[in-house]
Amino acid sequence: MKARENLAWRFYFIMFGYYFAQTIFFGYFTKFMTGFGYSMAFIGGMFSLNAGATIVLRTLIGYYVDKRSNPKIVVIGLFSIYALLQVLLFRFHQSVLIVIMFATLGISGATMTTSTAEAWALKAKQDYDDSLDYGKIRGMGSLAYGIGGLIAGFIMTMWGITGMIAFALLSWGFVMIGGFGIPNPIQRDQTAEEDKVTFTGALRECLSDKVVVVAILGLTLAMITNNIISTYYTLLVETLGGSSRMSGLGLFVMSFFEFLVVYSFSKISARISSKRLMYIGMFGMALKNIVLSFAPNAICAVVFTVVQVLAFSLVIPGTVTIISERVQYKYKATALQIMYTCTGLGGLFTNWIAGKIADVLGLQQTIRVAAIPAVIAGIVCMIFIEKTYFPRKAEN
């Protein structure tokens, strides 16, 4: 039992470290960059570059993890590169080259550590400990993001960039503690033709399943909505008269309520199908953007984040659960990377477009318009899932 508890805690450390850091490179990145003198359009372009780099690397990383059964080196290596580039960004923020390197290698590498860790946890559940709960593991990330947002606001106020460097290195330390302590998945025999892990086989595994395809396409649209509010939330609070501390409080409120739902997702999905929870969360993403876009002041922008209980906290666990149930063991890592690659495709151009819209129409109008993709995703997934899995019984 002790070994099992230690394994779960190691995954908690990885998720805590990653989402603690995400507070910086997503939650406060826009604020940093505008403070460094960069325009909204430039910032949107950097996020589009990040999306492009992530698309190129994600599926290859997932295939490598499935083929070589070595997620440890991916998690430790990529997050170490991120931490180094984060420190360099704070020190040499005037260098466009450093900014581009951070956007393409730093952020994309960091985001791949968490999706790799998720696949690692799904495989560890089968190899070492069937009591591992994805919802609890991912929920620890939500809690970390909230705590990170709260602390970051105070650190920025007191120590500025110097404090943020320590913040980034602390995140790196959490991931290292977790990553070094988890065994790699058991290497399966690939001598038989049916056991071989191939890239085309992974694509065929995902694309041949309508449920997986619809779930990934829906998630891609919904994450356009989610990413825009995540990117611009701290700036929204500031434009409404709030401080860094208040935006940090908003991130904490958002993430705390997300944590409550994600941590208990397995219990909730036992009562309400994870498939239904997924599309309910898509509508929730749209609702969150809409209510925040109408926030009259910074206090309301903090309070309105409680809508997160019906948004991201349902969509990601629901989608991952569906993929985990329907994709065979040897392709789980690749399937998750394909899922996140598609969400990156959604952000490839939309982040740059959102930056241009924000420069012209203003931030709140941009956030409002960004609710549309999640509405479309919710409608498509609801129609497909209800028709396929919950057909009405024929009347007698």
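Structure: above.
Cut-offs and rules
Residues numbered from 1 in each chain as written. Predicted model: local features only at pLDDT ≥ 70, side-chain atom pairs only at ≥ 80, totals over all residues. Heavy atoms only, no water. Helix = DSSP H or I, 4+ residues; strand = E, 2+ residues; numbered from the N terminus. Rg over C-alpha atoms; globule rule 2.2 N^0.38 Å. Buried < 20%, exposed > 50% of the residue type's maximum accessible area, 1.4 Å probe, protein only. Contact = heavy atoms within 4.5 Å. Areas by Shrake-Rupley, 256 points an atom, 1.4 Å probe, with all protein chains shown as cover. Lys, Arg positive; Asp, Glu negative; His and termini not counted. Charge placed at Lys NZ, Arg CZ, Asp CG, Glu CD. Expected span 1.5 Å × (residues − 1). Bend = angle between axes of the 7 residues up to and from the residue. Core = buried A, V, L, I, M, F, W, Y, C linked by side-chain atoms within 4.5 Å. Salt bridge = Lys/Arg side-chain N within 4 Å of Asp/Glu carboxyl O. 1 Å grid on protein atoms, 1.4 Å probe; cavity = no way out; pocket = protein on both sides within 12 Å on 5 of 7 lines; lining within 4 Å. Points joined across faces, edges and corners; volume = space filled by probe spheres on them. Nonpolar A, V, L, I, M, F, W, Y, C, P; charged D, E, K, R; others polar.

For the rest of this paragraph, the subject is the overall build of the protein chain. Tallying secondary structure elements over the protein chain gives 17 helices and zero strands in all. Computed over C-alpha atoms, the radius of gyration of the protein chain comes to 20 Å, within 12% of the 21 Å expected from 2.2 N^0.38 for 396 residues, which places it in the range of a compact globule. Along the three orthogonal principal directions, the C-alpha set of the protein chain runs to about 60 × 55 × 40 Å. Counting only residues that meet the buried cut, the protein chain has 57% of its 396 residues in that class. Partitioning the intrachain contacts of the protein chain with sequence separation of at least 6 by distance along the chain shows that 85% fall at a separation of at least 24. Surface accessibility of the protein chain: about 16200 Å² in total, with carbon and sulfur atoms responsible for 67%. For the protein chain, the distance from the average position of its 31 positive side-chain charges to the average position of its 19 negative side-chain charges is 5 Å.

A few words on helix α3 (residues 40-68). In a regular helix each residue adds 1.5 Å, so 29 residues correspond to 42 Å; α3 covers 41 Å between its end C-alpha atoms and thus fits that length. Maximal helix bending in α3 amounts to about 30°, located at Leu57. Phi for Ser69, located one or two positions after α3, is positive at around 55°.

Attention now moves to the nonpolar core. Counting 81 residues, the largest nonpolar core has Phe11, Phe25, Tyr82 and Met164 as its most contacted members. Per element, the largest residue contribution to this core is 14 residues, and it comes from helix α1 (residues 2-27). Among residues more than four places away in sequence, those in contact with Tyr82 are Ala21, Ile24, Phe25, Phe102, Gly106, Ala110 and Ala168. Met112, Val212, Ile216 and Ala333 belong to the second-largest nonpolar core, a separate cluster that totals 44 residues.

Throughout the structure, instances matching the rule amount to four salt bridges. Ionic pairing is found between Asp66 and Lys123, a salt bridge with its closest N-O pair at 2.6 Å. In this pair, Asp66 is assigned in helix α3 and Lys123 in helix α5 (residues 96-127), connecting sequence segments 57 residues apart. Each member of the pair, Asp66 as well as Lys123, carries the same accessibility label: buried. Close ionic contact of Glu258 with Arg138 constitutes a salt bridge, the shortest N to O distance being 3.6 Å. Residue Glu258 is located in helix α10 (residues 244-263), and its partner Arg138 is located in helix α6 (residues 134-159); the two are separated by 120 residues in the primary sequence. Given the relative accessible area of 2%, Arg138 is considered buried.

Estimates place the volume of the largest pocket at around 310 Å³. Forming the boundary of the largest pocket are 15 residues, of which Leu122, Lys125, Tyr134, Thr321 and Ser324 lie nearest the centre. The set of elements that each furnish at least two residues to the lining of the largest pocket consists of α5, α6, α11 (265-271) and α14 (312-326). Here the residues of the lining of the largest pocket are counted per class, giving five nonpolar, six polar and four charged.

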